[in-house]
Amino acid sequence: MSQNILVTGGAGFIGSHTCVALAAAGYAPVILDNLGNSDVRVLERLERITGARPRFIEGDVRDRALLDKLFREQPIGGVIHFAGLKAVGDSVADPITYYDNNVNGTFVLAAAMQAAAVRTLIFSSSATVYGDPDRSPIPEDAPLRPANPYGRSKLMVEQALADLHRANPAWRIALLRYFNPVGAHESGLIGEHPQGKPNNLMPFVSQVAVGLRDKLAVHGGDYPTPDGTGVRDYVHVMDLAEGHVAALRHAEKQPGLVTLNLGTGQGASVLDVVKAFERASGQRIAYEIGPRRPGDVPAYWGDPTLAQATLGWRASRSVDQMCADSWRWQQANPNGYA
Ligand code: NAD
Ligand code: UDP
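Residue positions are counted from 1 within each chain, in the order its sequence is given. The naming scheme follows written order: chains are lettered A onward, ligands numbered 1 onward. At least 70 in pLDDT is required for a residue's local features to be given in this predicted model, at least 80 for side-chain atom pairs to be given and counted, and no such filter applies to totals for whole chains, interfaces and linings, which use all residues. Working from all heavy atoms in the structure, the side-chain values ignore hydrogens and water.

Q: Outline the site of ligand 2, supporting the account with residue identities and numerical values.
A: The cutoff for a nearby residue is simple: one of its non-hydrogen atoms must lie within 4 Å of the molecule or strand. Close to ligand 2 lie 15 residues, the nearest being Ala217, His219, Arg232, Arg293 and Asp296. In this structure, an oxygen atom belonging to ligand 2 sits 2.8 Å away from a main-chain N or O atom of His219. Any pair of nitrogen or oxygen atoms within 3.5 Å is treated as a polar contact; in protein, a donor-acceptor pairing is required on top of that, and neighbouring residues in sequence qualify only through side-chain atoms on both sides. Between ligand 2 and Arg293, the relevant distance is 2.8 Å, taken from an oxygen atom to a side-chain nitrogen or oxygen of the residue. Using a 1.4 Å probe, the Shrake-Rupley method yields the accessible areas, and only the shown protein chains count as cover for residues. Protein chains bury 88% of the 510 Å² of accessible surface belonging to ligand 2 in isolation. Elements are defined by DSSP. Helices are runs of H or I of four residues or more, strands are runs of E of two residues or more, and each kind is numbered from the N terminus. Per-element accounting of the shell around ligand 2 gives the leading share, four residues, to strand E8 (residues 216-219). The residue classification treats Ala, Val, Leu, Ile, Met, Phe, Trp, Tyr, Cys and Pro as nonpolar and Asp, Glu, Lys and Arg as charged. All others, Gly included, are polar. Here the shell around ligand 2 is built from residues that sort into seven nonpolar, five polar and three charged.

Below is the structure:
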């Protein structure tokens, strides 16, 4: 029988794609999600892709009684913890809500896991823990100086989980620092559909391509980068999903704690992404270069060599493929799962 893996936040963007990768690797994902930023109809799509509907529990990761019941009712081999809030601006406006969801949520989960003797945990951290780095590519031992409550919530969790592992070395923990996840499953059946106006580049570009928005505002054209626009390490969400399976397999082999960058090791500018999306979609992406967005870092990308050496994982999908898959999803589902 397949091993059950609890996927908190599994109805969301990265979580849903990771459920596909888990199923492909022979695991049975069990999703816990409060649907605060996702749509339950993703479950039908997961069934169409994988041939099996994942078990779904609607609920909050901060609900200790619910977690105890969940761990009691079925054997769980490990947990991949995506559930959390991720909008930087909201975290500045309402830090307590962010710390409660992201930090307290992880504490409640870890305590329930400890009580149930489930000690394999893969955690969604973020490259935002590096803040404005001194140099790129960024290695894992670079200084950690997150610039907002969202980033600090990720760093607090990383530090608390490291303490937990020091106190009890039987834990098997992977702290995965994602760079910029984009794209969609190649079927076009699941993808990212932010509520309201997208903050992030790729969903905005795809909404311009499909005609939902007039033009992209490029946030700054005077950065010290080759074309003056911001540079990031975009990583295909299916590469990222497969990275989680590799981290789970690694954790199953031996107790320990690893901290790993999941990125491609390459930077792409805003205009590189616009051009790649035009190639993928055959649509012209109208854009206007405007002022810098406050708080933005000019350029950064990750050093993925430690993840390669530790997990035998590397991102293989190109920016062109990220755009082609985003476009397929966007075109077939202009209103998300609705
Ligand atoms: P998402 O919002 O699509 O997914 C998060 C899911 O968690 C949603 O389905 C939401 O309903 C659920 N959720 C939130 N709080 C919950 C709670 N208290 N209890 C139960 N469910 C809850 O976001 P995503 O892009 O898939 O991100 C997943 C994780 O990866 C997050 O922790 C995020 O901080 C982290 N991350 C994301 C990015 C990115 O750019 N997308 C980058 C780095 C790290
Ligand atoms: N960006 C942009 N217009 C947008 C959204 C983003 O020019 O509407 C730029 C942004 O300034 C950054 C890059 O695209 O240089 C990636 O931004 P995103 O918000 O997707 O990710 P993050 O800033 O978190 O790395």
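Having put the structure on the table, let's press on.
Q: Could you give an account of the site of ligand 1, naming the residues involved and the relevant values?
A: Taken together, 28 residues are adjacent to ligand 1, and Asp33, Asn37, Ser38, Asn101 and Tyr150 come closest. In this structure, Ile14 approaches ligand 1 through a main-chain N or O atom, which is 2.8 Å from an oxygen atom. Take Val61: an N or O atom from its main chain is 3.0 Å from a nitrogen atom of ligand 1. Burial of ligand 1 by the protein chains amounts to 94% of its free accessible area of 820 Å². When residues of the shell around ligand 1 are traced back to their parent elements, those giving at least two are helix H1 (13-24), strand E5 (120-126) and helix H6 (149-167). The greatest single-element share of the shell around ligand 1, amounting to three residues, is contributed by E5. Here the residues of the shell around ligand 1 sort into 11 nonpolar, 12 polar and five charged.

Q: Hey, could you go over empty space enclosed by the protein for me, with residue numbers and the actual values?
A: Grid spacing is 1 Å over the protein atoms alone, the probe is 1.4 Å, and a cavity is where that probe fits but cannot get out, while a pocket is an open set with protein on both sides within 12 Å along at least five of seven lines and lining residues have an atom within 4 Å of a point. Grid points are joined across faces, edges and corners, and a volume is the space filled by probe spheres set on the points. Enumeration according to the criterion identifies two cavities of 30 Å³ or more in this entry. By volume, the largest cavity is sized at about 60 Å³. Along its surface, the largest cavity is lined by Val182, Gly183, Glu192, Met202, Pro203, Ser206, Ser326, Trp329 and Gln330. When residues of the lining of the largest cavity are traced back to their parent elements, those giving at least two are helix H7 (201-209) and helix H11 (319-332). The residue makeup of the lining of the largest cavity, split by class, is four nonpolar, four polar and one charged. Looking at the second largest cavity, its volume works out to about 30 Å³.

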